[in-house]
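# Coordinates in review
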Amino acid sequence: MLARASRAGDLPDLDAAVTGCFACPRLVQWREEVAATRRAAFREQEYWGRPVPGFGVADAPIAILGLAPAAHGGNRTGRIFTGDRSGDVLFAALHRAGLANQPTSVAADDGLTLRHTRIFAAVRCAPPDNKPTPVERDTCAPWLHREVELLRPSLRVVVALGAFAWAAWWPVLRQVYGVRPPSPRPAFGHGAHWSGGGAPQLLGCYHVSQQNTFTGRLTPAMLDEIFTRAKALAGLE
C-alpha cells in the first residue's frame, strides 16, 4: 500500500491507484455486496463498487477531509459526496461560497467543477454502518498522506468534517510535514481551529450527515461561516 501510494507521481496517477486497492477485506466485501444488491431506488444503475478517489483541483489551497464514501452515494457514483443527502448539503454550501460551479452533485458526469478546492476521505471505501475500524483507517492512511503531499505546494487550510477526519489529520503532520502532532491533541468541535509548524491550518466542522443536518445541529449558516473562514485562511478573501 505504502509503495503504491508513494509511486504516484501526480493526482491522476494517485486516483487511478486508489481505485485498484483491495487492502481491507471487510471493506472490499461490503462495497461489492452493496454494489451487487443495490438500493431499490437505484436498481437500474450500475454501481461503482470500488474505492473512491479525491475530487477537485490539483493546486487547491483548501482541502475538505471527510470520513468515507457513502454506500449508496460515492460507492454508487464513483465520486466523493456525490448522489447522497450529505453531498446535497456540502455542494450547496460550496456553491454559495463560490467554490463550486453548481449547487448539486448527482453523478460523476454532471458537469460539477470545484474552484480552489479538493475533497477526499480518510478511508476510501464505503464501510458498514459508516464506521471504519482503526486498522482500516491506518491501512488507508498512505493514500491520504500521498494526496496531501501532492497538494503541499498550494495547500493552506484543511476543513475536517467530523471527529474521525479531525483525528485522521494528526498523522499527516508527521508523515508529510515532519511536524510533531500537538500533545494533547486539540479537541474536535465545530469551528475548532489549529495552526502550527508551517503545516496547513485545520478547521473543524460538524459532518454534513443527515444526523446533523436534519436535526439542526449543522445549519447552512454554520457551513457558510466555516467556508468563509477557510477562504480567508487560504488567502482567497
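Structure's up top.
Residues numbered from 1 in each chain as written. Predicted model: local features only at pLDDT ≥ 70, side-chain atom pairs only at ≥ 80, totals over all residues. Heavy atoms only, no water.

## What about helix H7 (residues 163-177)?
Relative to the 21 Å expected for 15 residues at 1.5 Å per residue, H7 spans 21 Å between its end C-alpha atoms, a close match to the ideal helical length. Maximal helix bending in H7 amounts to about 30°, located at Pro 171. Inspection of H7 places Ala 165, Trp 166, Ala 168, Trp 169, Trp 170, Val 172, Leu 173, Val 176 and Tyr 177 among the buried residues, and these make up the whole buried set. Among the structural elements, strand E2 (62-66), helix H6 (134-151), strand E4 (157-161), strand E5 (193-194) and strand E6 (201-205) are those in contact with the buried residues of H7. (Helix = DSSP H or I, 4+ residues; strand = E, 2+ residues; numbered from the N terminus. Expected span 1.5 Å × (residues − 1). Bend = angle between axes of the 7 residues up to and from the residue. Buried < 20%, exposed > 50% of the residue type's maximum accessible area, 1.4 Å probe, protein only. Contact = heavy atoms within 4.5 Å.)

## Focus: empty space enclosed by the protein
Tallying each qualifying case throughout the model produces 1 cavity of 30 Å³ or more. By volume, the largest cavity amounts to about 90 Å³. Elements supplying a minimum of two residues to the lining of the largest cavity: helix H3 (25-37) and H6. Of the residues in the lining of the largest cavity, the class split is 12 nonpolar, no polar and 3 charged. (1 Å grid on protein atoms, 1.4 Å probe; cavity = no way out; pocket = protein on both sides within 12 Å on 5 of 7 lines; lining within 4 Å. Points joined across faces, edges and corners; volume = space filled by probe spheres on them. Nonpolar A, V, L, I, M, F, W, Y, C, P; charged D, E, K, R; others polar.)

## Structural notes on the pairing of E2
The buried count for E2 comes to 5 of 5 residues, which makes it a mostly enclosed element. Here E2 shows no split at all, with Ile 62, Ile 64 and Gly 66 on one side and Ala 63 and Leu 65 on the other all buried. In this sheet, E4 lies alongside E2 in parallel orientation, the contact comprising 4 bridges. By the bridge assignment, Leu 65 is partnered in E4 with Ala 160. (Pairing = 2+ DSSP bridges.)

## Looking at unusual backbone geometry
With an omega dihedral of 0°, the bond running from Ser 183 to Pro 184 counts as a cis peptide bond. With respect to the secondary-structure elements, Pro 184 resides in the loop between H7 and E5. The backbone phi angle of Phe 81 is positive, close to 55°, even though this residue is not glycine. In this fold, Phe 81 is placed in the loop between helix H4 (74-77) and helix H5 (85-96). The phi angle at Asp 129 is positive, at roughly 60°, despite the residue not being glycine. Along the chain, Asp 129 falls in the loop between strand E3 (117-121) and H6. What makes Asp 129 exposed here is its relative accessible area of 67%.

## Let's talk about the packing of aromatic side chains
Here the structure, examined in full by the defined rule, presents 4 aromatic pairs. Ring plane angle 90° and centroid distance 5.5 Å describe the contact between Trp 170 and Trp 194, whose orientation is recorded as edge-to-face. Of this pair, Trp 170 sits in helix H7 while Trp 194 sits in strand E5; the two residues are 24 residues apart in sequence, bridging distant segments of the chain. Assessed through its relative accessible area of 13%, Trp 194 is described here as buried. Taking the ring centre of Phe 42 as reference, the NZ or CZ of Arg 76 above it sits at 3.6 Å. Its guanidinium or amino end placed over the ring of Tyr 206, Arg 217 lies 3.9 Å from that ring's centre, counting from NZ or CZ. (Phe/Tyr/Trp six-rings, centres within 6.5 Å; stacked < 30°, edge-to-face > 60°. Lys NZ or Arg CZ within 6 Å of the ring centre and 35° of its normal.)

## Things to note about the nonpolar core
Of all hydrophobic cores here, the largest spans 35 residues; its most connected members are Leu 65, Trp 143, Val 148, Trp 169, Tyr 177 and Leu 202. Put simply, the parts of the chain that give this core at least two residues each are helix H2 (11-18), E2, H6, E4 and H7. Here this core takes 9 residues from H7, the largest share from any one element. Those residues in contact with Leu 202, other than ones at most four positions away along the chain, are Val 158, Ala 160, Trp 166, Trp 169, Trp 170, Ala 192, His 193 and Trp 194. Residues Ile 119, Ala 121, Leu 161 and Val 208 belong to the second largest nonpolar core, which totals 30 residues. (Core = buried A, V, L, I, M, F, W, Y, C linked by side-chain atoms within 4.5 Å.)

## Description of the sheet that holds E3
Ordered in space as E1-E3-E2-E4-E6-E5, the 6 strands form an open sheet in which the pairing is mixed. One side of each edge strand has no neighbouring strand; the edge strands of this open sheet are strand E1 (55-56) and E5. Examined bridge by bridge, E4 and E6 share 5 bridges and lie parallel to one another. What sits directly across from Val 158, in E6, is Leu 202. Against the sheet, helix H9 (residues 220-233) engages E2, E4, E5 and E6, with an angle of about 175° to E6. (Axes fitted to C-alpha atoms, helices over the stretch in contact; angles between N-to-C directions.)

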